[in-house]
Amino acid sequence: MISESDIPGFFAERRDLKLEDYVLLKYVFETGVDPRLAAASLCCEQSTAQWARPGRDEDFRALHGAKVVSLTECGGVRPDAATAKSYEVTIAHPHRNFGPRIPNFLSAAAGEGPFYCPGIHFIKWTDFEFPESFLKQFEGPQFGLPGLRRMSGASGRPFFVGVVKPNIGLKPSGFAEIAYQGWKGGLDIAKDDEMLADADWSPLSERVRRTSEARVRAEKETGEKKIYIANITDEVDSIWRLHDEAVESGANAVMINAIMTGVSALRALRRIARVPVMSHFTGTAVFSRVPNFGVSSLVAAKLQRIAGADIIGLAGFGERMGCADGEVLANIEACLKPWGPILPALPIPGGSDTPETLPKVFSKIGHADFGFICGRGVFGHPQGPAAGAAALREAWSKIKK
């Protein structure tokens with residue numbers, strides 16, 4: 001840990017900084033030592049861990065050191081932490097240290113420095129903000145919510161989304177048939193489950209070809225545009241090939257599990273994508289679920305948006321997801337709020353929803369800019385997927401009466 005005499009070198013007033021040169025990082029941490037010392041150590045460890053060489057008259061903190069700009073005591077300490085207190089800190093970190101590179105940014109904000117910081121027992125990265133000039137260096141969604149509205153024709157209402165079930169085991173022909181039934185009943189989007197990718201028993205190219213043919217058939221019969229999201233999650237060096245394979249076979253959207261492949265893989269996919277890209281939330285709970293440690297789901301949602309996801313899957317309101325309503329709503333807002341040049345993404349909060357839960361979900365969100373997603377709620381309907389999807393449309397018509 002740094003010495004007490006080093007503390008002032010890692011504190012600053014916002015008014016004294018050129019904030020365009022900094023990203024703002026918010027953390028909650030628990031410590032049993034002087035919180036100013038702990039916060040200064042946090043800045044030191046994630047930036048200039050050694051800021052001068054012995055025998056040299058130099059100090060790199062002015063140019064490269066992270067600075068505490070806010071530090072307040074807050075609640076949330078563990079019951080057994082008798083001598084520790086919890087604090088919320090905002091740190092201004094100079095983005096010259098990592099540039100517009102997501103892996104390098106994460107190495108600073110969520111790497112060895114913060115999570116092995118002396119004097120800090122538990123820490124959670126809760127939020128971040130980029131200045132306008134830095135934000136412009138990220139692509140964000142290519143199509144975003146406006147493009148998806150134009151593409152689907154769905155206007156003034158949520159997108160109705162179905163995850164084809166059974167999620168694993170269906171042959172391509174059977175998969176395509178029940179996706180068709182869902183579209184015909186009223187789905188806007190049918191998608192692969194996050195665990196179904198390029199499997200031996202359901203090769204991506206064959207599944208996409210058959211399902212895309214079914215999509216076109218449903219469009220002709222319903223007079224509505226439909227979207228099929230093909231899951232191309234794989235080893236990173238296979239994703240670009242699978243994107244081309246899926247698009248050339250007829251998919252008009254693709255998906256990767258960006259937490260598992262790495263958010264940088266999502267960004268690289270966005271740069272070559274010819275269709276909208278969905279990013280699935282699977283894996284987020286691993287680092288977000290513990291209240292006083294890890295990385296918040298809000299950070300994950302914002303990372304996926306700047307990396308270029310047009311559609312962002314989120315853990316939703318269902319009891320199974322274990323998310324407080326406030327967390328879900330904050331993540332939805334993170335997908336949609338004005339954010340410099342970054343287009344809004346379509347948020348799809350999910351978790352065991354059915355047509356019966358649509359009124360409650362809509363009431364909590366308060367607007368129609370979201371995707372309402374069902375798996376078994378549509379494809380497990382006793383009268384079949386068409387009836388399950390039709391029940392979604394009927395539930396919406398009752399809401400809007």
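Every residue gets a number counted from 1 within its own chain, in the order that chain's sequence is written. Local features in this predicted model are restricted to residues whose pLDDT is 70 or higher, and side-chain atom pairs enter the listing and the counts only when it is 80 or higher, whereas totals over whole chains, interfaces and linings include all residues. Side-chain figures throughout are based on the complete set of non-hydrogen atoms in the structure, without hydrogens or water.

Okay, the overall build of the protein next. Working definition: helices are DSSP H or I runs of at least four residues, strands are E runs of at least two. Numbering for both runs from the N terminus. Tallying secondary structure elements over the protein gives 17 helices and 13 strands in all. All radius of gyration figures rest on C-alpha atoms, and the globule criterion is 2.2 Å times the number of residues raised to 0.38. Computed over the C-alpha atoms, the radius of gyration of the protein is 23 Å, within 12% of the 21 Å expected from 2.2 N^0.38 for a compact globule of 401 residues. Taken along its principal axes, the extent of the C-alpha atoms in the protein is 75 × 40 × 35 Å. The buried label applies to any residue whose accessible area, calculated with a 1.4 Å probe on protein chains only, is under 20% of its type's maximum; exposed applies above 50%, and partly exposed to all values in between. Expressed as a percentage of its 401 residues, the buried residues of the protein come to 55%. Long-range contacts, defined as pairs at least 24 residues apart, comprise 75% of the intrachain contacts of the protein with a sequence gap of at least 6. Contacts are assigned to residue pairs that have any heavy atoms within 4.5 Å of one another.

Attention shifts here to the sheet that holds strand β7 (residues 227–231). Sheet architecture is open: 8 strands sit in the order β12-β11-β9-β8-β7-β6-β5-β13, paired in parallel fashion. The open sheet has two edge strands with one neighbour each: β12 (346–350) and β13 (371–374). Adjacent strand axes in the sheet meet at a mean angle of 25° when their direction is disregarded. The pairing criterion is simple: DSSP has to find at least two bridges between the two strands. In this structure, strand β11 (residues 311–315) lies alongside β12, joined through 5 bridges in parallel fashion. Between N-to-C directions, angles cover 0 to 180 degrees, with each direction set by a line fitted to C-alpha atoms, over the stretch in contact for helices.

This part takes up the nonpolar core. Put simply, a nonpolar core is a bunch of buried Ala, Val, Leu, Ile, Met, Phe, Trp, Tyr and Cys residues held in one set by side-chain atoms that sit within 4.5 Å of each other. By size, the foremost hydrophobic cluster in this structure holds 118 residues, and its most contacted members are Y27, F105, W125, F128, F130 and I232. For this core, the leading source of residues is helix α1 (residues 35–46), giving 7 residues. Excluding its chain neighbours within four sequence positions, the residues that come into contact with F105 are V23, L25, F98, W125, F128, F130 and L303. Counting residues in hydrophobic clusters, the runner-up holds 6 residues, among them A12, L17, Y22 and V69.

Before going further, it helps to examine the side chain of R207. Among the secondary structure elements, R207 is positioned in helix α8 (residues 204–222). Residue R207 is classed as buried on the basis of its relative accessible area of 0%.

Attention now goes to helix α11 (residues 263–272). Among the residues making up α11, those that are buried are V263, A265, L266, R267, L269 and R270. Buried residues in α11 make contact with α3 (102–109), α9 (236–248), β8 (253–256), α10 (258–261), β9 (277–279) and α13 (297–307).

On to helix α17 (residues 385–399). The terminal C-alpha atoms of α17 lie 21 Å apart, and with 15 residues this matches the ideal 21 Å at 1.5 Å per residue to within 8%. Of all the positions in α17, only P385, G388, A389, A391, L392, A395 and W396 are classed as buried. Across the axial projection of α17, the buried residues extend over an arc of 145°, all falling on one side. Those residues of α17 that are buried are in contact with β5 (159–163), α7 (172–185), α15 (358–365), β13 and α16 (376–379). Given the number of residues in a helix, its expected span is that number minus one, multiplied by 1.5 Å. Starting at the helix axis, one direction is taken to each C-beta atom, and the arc is that of these directions.

Between rings of Phe, Tyr and Trp, where Trp is taken as its six-membered ring, a pair exists when centres lie within 6.5 Å; planes separated by under 30 degrees are stacked, by over 60 edge-to-face, and by other angles tilted. Scanning the model with the defined rule gives 17 aromatic pairs in all. Here F98 and F134 contribute two aromatic rings whose centre-to-centre distance is 6.2 Å and whose plane-to-plane angle is 65°, an arrangement assigned as edge-to-face. Pair noted here: F98 is in the loop between β3 (85–94) and α3 and F134 is in helix α5 (residues 132–135), with a separation of 36 residues, a long-range link. Taken individually, F98 and F134 each receive the classification buried, so the pair is uniform in this respect. An aromatic cluster of three or more residues is present, and its members are Y27, F98, F105, W125, F128, F130, F134, F138 and W339. Cation over ring: R61 sits above F10, and NZ or CZ is 5.5 Å from the ring centre. A ring is scored as having a charge over it whenever the NZ atom of a lysine or the CZ atom of an arginine sits within 6 Å of its centre and within 35 degrees of its normal. The ring of Y180 carries R217 above its face, with NZ or CZ at 3.8 Å from the centroid.

Most of β12 is tucked away, with 5 of its 5 residues classed as buried. By the alternation rule, side chains of β12 split into L346, I348 and G350 and P347 and P349, which are all buried. Every crossover in which the path from the first strand over the helix to the second runs clockwise, viewed with the strands pointing away from the viewer, is termed right-handed. The parallel pair β11 and β12 is bridged by helix α14 (residues 325–336), and the resulting crossover is right-handed.

Let us now look at the packing of α7 against α17. Remark: α7 packs on α17, axes separated minimally by 7 Å, with the N-to-C direction vectors making an angle of 30°. For the element pair α7 / α17, the angle class is roughly parallel. The chirality of how α7 crosses α17 is right-handed. Where α7 approaches α17, its residues I178, Q181, G182 and G185 are matched on the opposing element by P385, A386, A389, A390 and R393. Residue type decides the class: Asp, Glu, Lys and Arg count as charged, Ala, Val, Leu, Ile, Met, Phe, Trp, Tyr, Cys and Pro as nonpolar, and the leftover types, Gly among them, as polar. When grouped by side-chain class, the residues that make up the contact of α7 with α17 number 5 nonpolar, 3 polar and 1 charged. When an angle is under 35 degrees it counts as roughly parallel; over 145 it counts as roughly antiparallel; between 65 and 115 it counts as roughly perpendicular; any other value is oblique. In this scheme, a crossing is called left-handed if the near helix is turned counterclockwise away from the far one by less than a right angle; it is called right-handed if the turn is clockwise.

What follows deals with the pattern of salt bridges. Here a salt bridge means any side-chain nitrogen of Lys or Arg lying within 4 Å of a carboxyl oxygen belonging to Asp or Glu. Overall, the coordinates contain 25 salt bridges when judged by the stated rule. Of the charged contacts, one joins K184 and E221 as a salt bridge, the two residues approaching to 3.6 Å between their closest N and O atoms. Within this pair, whereas K184 is found in helix α7, its partner E221 is found in helix α8, the two being separated by 37 residues in sequence. With a relative accessible area of 46%, K184 lands in the partly exposed category. Classification of E221 by relative accessible area gives partly exposed; the value is 43%. A salt bridge links K398 to E394; the shortest N-O distance between them is 3.7 Å.

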